[in-house]
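Residues per chain are reported as follows:
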Amino acid sequence: MPNSHLFFLFFFLHIHLSLSLDCNAADQKALLNIKSELGNPPELSAWLPATNCCTWSNVYCSDAGRIYNIYLISLNVSTTIPPSLGDLPELETIQLQAMPGLYGTIPPSFSKLAKLQLLFLTNTSVSGVIPDFLSRTNLSALDLSYNKFSGSIPLSLSKLPNLRFLDLSGNSLTGTIPPGLLHGTFRFLYLDRNKLSGEIPQDYGNGDLDTIDLSHNRLTGDPSFLFSITKPTTKIDLSWNQLEFDLTRVVFPHNLEYLDLSHNRIKGKVSKSLQDVKLRFLNLSYNELCGEIPNRRFMVHYQADSYIHNKCLCGTPLPPCKS
């Protein structure tokens, strides 16, 4: 997801290394425990008791010699998430990524990480429910994508006042989408590829939402409140759901770059407002749309696969309409 990578990069620009500082003794002990709980993977062989842990790989130290960032990526492990991560009280960022051998649940010790801002736990075998105790942190970005989480999305996540980026895609989450999960400006919501049902809460039509991807779920209702000419949204993907509304008079954001409404139950005509939106991707296929496709301005760039398998759409790039 390019947008998420840009979001992460924004937070890492301030990172600096203080290799000459002495590492805090309690932090060093916690790191050695983490190494042991992971089964002493060879990638962490440089983590040795007689050395300064501010010089170790996979961690960053603050000016005070405290560990504030730990990143463990593509380690060959077969174990649970190290509980000793909760013994690093200055942690602001945790990355546990691309480790299919990592299983179990998120340990309760994470509730002690009051300064945690960024948690990236992706592409693992971690399962269970998303725990309520994450609301005791200070998260602004939470990425739990492509794991094995089940159960519902906890409403407690809405208590995180700085949460602007949430990616729970690629799990087995059920139930409805809670309102108010995101706050502030420049917000991103990825809940795709789950088993979510019900209607999209109206409050996601308010505020500064850059990206919303709810595709490949079981959502119903009318999501047209997400669309308005003044909204700053750049990507909307609602494909592969059971959404029903009339597209005829919907007005789309001028900043929109990506729109996928395919595989739903959308009726009416193709909105003429799309003529004024410079999309790099459009897919309205597999719906119940009818009538002549608008063919002015930016509409000339889309091919037939943007419109196929509708009720009775016609006109360029599909066959001409019958008189």
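Residues numbered from 1 in each chain as written. Predicted model: local features only at pLDDT ≥ 70, side-chain atom pairs only at ≥ 80, totals over all residues. Heavy atoms only, no water.

By the naming in an unreviewed UniProt entry, the chain goes by Leucine-rich repeat-containing N-terminal plant-type domain-containing protein and is assigned to Rhynchospora tenuis. The UniProt entry for the chain carries the following comment under Sequence similarities (unreviewed entry): "Belongs to the polygalacturonase-inhibiting protein family." (UniProt positions renumbered as here; feature names shortened; annotations may be inferred.)

For the rest of this paragraph, the subject is the overall build of the chain. Helix and strand counts for the chain come out as two helices and 19 strands. Split into buried and exposed, the 323 residues of the chain put 54% on the buried side. Look at the contacts in the chain between residues 6 or more apart in sequence, and 41% of them connect residues 24 or more apart. When the accessible surface of the chain is summed, it comes to about 14,300 Å², and 52% of that surface belongs to carbon and sulfur atoms. (Helix = DSSP H or I, 4+ residues; strand = E, 2+ residues; numbered from the N terminus. Buried < 20%, exposed > 50% of the residue type's maximum accessible area, 1.4 Å probe, protein only. Contact = heavy atoms within 4.5 Å. Areas by Shrake-Rupley, 256 points an atom, 1.4 Å probe, with all protein chains shown as cover.)

This part covers the pattern of salt bridges. Using the criterion set out here, one finds ten salt bridges in the structure. One salt bridge connects E257 with R280, and the closest N-O pair in it is separated by 3.8 Å. You can see E257 sitting in the loop between strand 15 (242-243) and strand 16 (258-260) and its partner R280 sitting in the loop between strand 16 and strand 17 (281-283), a full 23 residues away along the chain. Look at E257 and you get partly exposed, because its relative accessible area is 37%. Residue R297 is joined to D276 by a salt bridge in which the shortest nitrogen-to-oxygen separation is 3.0 Å. Of this pair, R297 sits in the loop between strand 18 (290-292) and strand 19 (312-314) while D276 sits in the loop between strand 16 and strand 17; the two residues are 21 residues apart in sequence, bridging distant segments of the chain. Exposure remark for R297: the relative accessible area of 52% places this residue in the exposed category. When salt bridges that share partners are traced, they join E244, R265, K267 and E288 into one network. (Salt bridge = Lys/Arg side-chain N within 4 Å of Asp/Glu carboxyl O.)

Following the UniProt record, the feature "domain: Leucine-rich repeat-containing N-terminal plant-type" (unreviewed entry) maps to residues 25-62 here. Structurally, residues 25-62 comprises 34% helix and 8% strand, and the distance from its first C-alpha atom to its last is 14 Å.

So, about the side chain of D27. If you trace the backbone, D27 turns up in helix 2 (residues 25-37). Here D27 falls in the buried class, since its relative accessible area comes to 1%. Residue contacts for D27: discarding those within four places in its chain leaves G65, R66, I67, D87, L88 and P89.

A word on unusual backbone geometry. For the bond running from T316 to P317, omega is 10 degrees, close enough to zero to count as cis. Within the element layout of this structure, P317 appears in the segment after strand 19. In this structure, N123 is a non-glycine residue whose phi angle is positive, near 55 degrees. In this structure, N123 sits in strand 5 (residues 118-128).

This next bit is on the packing of aromatic side chains. With the rule as written, the count across this model stands at nine aromatic pairs. Pairing W47 with W56 gives two aromatic rings, centres 5.4 Å apart and planes at 20 degrees, and the pair type is stacked. On the accessibility criterion, W47 (0% relative accessible area) is buried. Take W56: its relative accessible area is 4%, and that puts it in the buried class. (Phe/Tyr/Trp six-rings, centres within 6.5 Å; stacked < 30°, edge-to-face > 60°.)

Now for the state of the cysteines. Under the defined criterion, the tally for this structure stands at four disulfides. Disulfide pairing places C314 opposite C321 at an S-S distance of 1.9 Å. Judged by the sign of its S-S torsion, about 90 degrees, the bond between C314 and C321 is right-handed. If the cysteines joined by disulfides in the chain are listed in sequence order, their pairing comes out as 1-2, 3-4, 5-6, 7-8. (Disulfide = S-S within 2.5 Å.)

Where the model shows low pLDDT, its predicted coordinates should not be examined in detail. Chain-level statistics for the chain give a pLDDT mean of 93 and a share of 94% at 70 or above. Scored below 50 in pLDDT, residues 9-19 shows 24 contacts in the model against residues more than four places distant or in partner chains. (pLDDT = per-residue confidence, 0-100.)

A contiguous patch of positive charge on the surface is contributed by R249, K269, K272 and R296. Within the fold, R296 resides in the loop between strand 18 and strand 19. (Patch = residues over 30% accessible without salt bridge, like charges linked within 9 Å, V, L, I, M, F, W, Y side chains within 5 Å. Lys, Arg positive; Asp, Glu negative; His and termini not counted. Charge placed at Lys NZ, Arg CZ, Asp CG, Glu CD.)

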